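Below, each chain spelled out in residue letters.
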Amino acid sequence: MFLSLRPLLEGTTFYVVSAILGLIVGSFANVCIHRLPKNESVVKPASRCPKCLTPIRMWDNIPVISYLLLRGRCRACGVSISARYPAVEALNAILYLLAALRFGGSTATFFYFLFITALIVITFIDYDLQIIPDEITLPGIPIGLLAGWLILPDPFYRAVNMGITASLIGAATGFLLYYSIAFISRGGMGGGDIKMMAMIGAVLGWKGVILTTFLASCAGSIAGLYLMVFKGKGRKAKVPFGPFLAAGALMSLFLGQEIVSWYIWHGQR
Ligand SMILES: [Zn+2]
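This one's a predicted model, so the numbers in the text were calculated from it and none came from an experiment. (Residues numbered from 1 in each chain as written. Predicted model: local features only at pLDDT ≥ 70, side-chain atom pairs only at ≥ 80, totals over all residues.)

Here's the deal with the overall build of the protein chain
For the protein chain, the helix and strand inventory stands at 8 helices and 2 strands. Starting at the N terminus and ending at the C terminus, the protein chain contains elements arranged as α-α-α-α-α-β-β-α-α-α. Taken over C-alpha atoms, the radius of gyration comes to 20 Å for the protein chain, in line with the 18 Å a tight globule of 269 residues would show. Counting only residues that meet the buried cut, the protein chain has 38% of its 269 residues in that class. Within the protein chain, counting contacts between residues at least 6 apart in sequence, those at least 24 apart form 69% of the total. (Helix = DSSP H or I, 4+ residues; strand = E, 2+ residues; numbered from the N terminus. Rg over C-alpha atoms; globule rule 2.2 N^0.38 Å. Buried ≥ 20, exposed ≤ 12 C-beta atoms within 10 Å, placed from the backbone. Contact = placed C-beta atoms within 7 Å.)

Pasting the structure below:
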């Protein structure tokens, strides 16, 4: 099934559409980041000012642009709004654009959009609250398997479709590896990380799980050293690992093929 290699849209139009879609979905990601942990509906009520609860008018709710026009303040009460809202929107849009440039206008690219936003939502919720929301990871596993079966290419040999077997092996690798780490580290790794890595494995396969783990550990060690040296945090300071796993998974998605072929090339000499 080479569905994923047939472009739906191409060229500059697709890049512009991807970036705009990224801004809009990024705005929705902000809603999820703030409401999912409180078990609130992500659909209603419409966005409100966090301070005065005045509903935000449509023209004041344009991603990034409204924030800049209103100079980061609520139109009704003037309270300053966190710069993280436009930052999340911009980050989501940049990653959508990169995915569009990298993978072209295929059905797989639209699935990767979903994957990117899921990882962004997980990153910020885990950073804020040290929780990886089941609302994302539990549906993410079967959706990832379905995509792996029907539309995703193998992230390391892009001319080949992934298939259900590779997707299942990936999810199982993510689950078992992180279940073992959680067991050995006695709580250093939580149930959220296990489910998150099963989801990532379904999308990126078992090699993706290994590469994500390697990249996340490198980034996590650097961040840990930084916190110890510059912020005076102790060795036991609790640092959520979800953001590092998300970053590792995105790097594996975008650069996995290059990293692995570089490694094989240099490993042979
Ligand atoms: Zn207000």
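Structure's up, so let's keep going.
Some points on helix H7 (residues 191-230)
Here H7 contains 40 residues, and its C-alpha end-to-end distance of 30 Å is more than 12% below the 58 Å for a straight helix at 1.5 Å per residue. Remark: the principal bend of H7, roughly 125°, maps to Leu 204. Taken from the residues just after H7, Gly 232 is the one with a positive phi, measuring 65°. (Expected span 1.5 Å × (residues − 1). Bend = angle between axes of the 7 residues up to and from the residue.)

So, the environment of Ile 259
Position of Ile 259 relative to the elements: it lies in helix H8 (residues 242-267). Counting along the chain gives 97 residues from Ile 259 to Met 162, while the straight-line C-alpha distance between them is 19 Å.

What to know about the domain arrangement of the protein chain
Assigned domains within the protein chain: domain 1 (1-106) and domain 2 (130-269). Taken over C-alpha atoms, the centre of domain 1 sits 25 Å from the centre of domain 2. (Domains from an automatic or database assignment.)

Considerations on helix H3 (residues 84-103)
Between the first and last C-alpha of H3 there are 28 Å, a value that for 20 residues agrees with the 28 Å anticipated at 1.5 Å per step. Within the span of H3, buried status applies to Tyr 85, Pro 86, Val 88, Glu 89, Asn 92, Ala 93, Leu 95, Tyr 96, Ala 99, Ala 100 and Phe 103. Among the structural elements, helix H1 (11-35), helix H2 (65-69) and helix H4 (107-129) are those in contact with the buried residues of H3. Of the residues one or two after H3, Gly 104 is the one with positive phi, at around 75°.

Some remarks on the environment of Cys 74
With respect to the element layout, Cys 74 can be found in the loop between H2 and H3. Counting along the chain gives 37 residues from Cys 74 to Pro 37, while the straight-line C-alpha distance between them is 24 Å.

Looking at unusual backbone geometry
For the peptide bond that leads from Lys 44 to Pro 45, omega is 0°, which places it in the cis range. Examined against the element boundaries, Pro 45 turns out to sit in the loop between H1 and H2. One non-glycine residue, Val 64, lies in positive phi territory at about 60°. Structurally, the position occupied by Val 64 is in the loop between H1 and H2. By the C-beta count within 10 Å, which is 17 here, Val 64 ends up partly exposed. With phi around 55°, Gln 130 is a residue other than glycine that occupies positive phi space. With respect to the helices and strands, Gln 130 occurs in the loop between H4 and helix H5 (134-150).

Considering the pairing of strand E2 (residues 157-161)
Two faces make up the sheet, and in a regular strand the side chains alternate between them. Pairing between strand E1 (residues 153-154) and E2: 2 bridges, direction antiparallel. By the bridge assignment for E2, Pro 153 is matched with Asn 161. Adjacent in sequence and paired antiparallel, E1 and E2 are bridged by 2 residues. (Pairing = 2+ DSSP bridges.)

As for the nonpolar core
Across soluble globular proteins, you tend to see nonpolar side chains buried next to one another. Counting residues in hydrophobic clusters, the biggest one holds 59 residues, and the most contacted among them are Tyr 112, Ile 116, Leu 119, Val 121 and Ile 122. Looking at which element gives the most residues to this core, the answer is H4, with 14 residues. If you count residues domain by domain, this core takes at least three from each of domain 1 (1-106) and domain 2 (130-269). Excluding anything up to four places from it in sequence, Ile 116 contacts Asn 92, Leu 95, Tyr 96, Ala 99 and Leu 250. (Core = buried A, V, L, I, M, F, W, Y, C linked by C-beta atoms within 7 Å.)

Focus: the packing of H4 against H5
When two helices pack together, their arrangement is given by the angle between the helix axes and the distance between those axes. Contact geometry for H4 and H5: axes closest at 12 Å, N-to-C directions at 160°. Taken together, the axes of H4 and H5 are roughly antiparallel relative to one another. Crossing geometry of H4 relative to H5 is assigned as left-handed. Of the residues in H5, those in contact with Phe 111, Ala 118, Val 121 and Ile 122 of H4 are Ile 136, Gly 140 and Ala 147. Class assignment of the residues belonging to the contact of H4 with H5 gives a composition of 6 nonpolar, 1 polar and no charged. (Axes fitted to C-alpha atoms, helices over the stretch in contact; angles between N-to-C directions. Parallel < 35°, antiparallel > 145°, perpendicular 65-115°, else oblique. Left-handed = near helix turned anticlockwise from the far one by under 90°. Nonpolar A, V, L, I, M, F, W, Y, C, P; charged D, E, K, R; others polar.)

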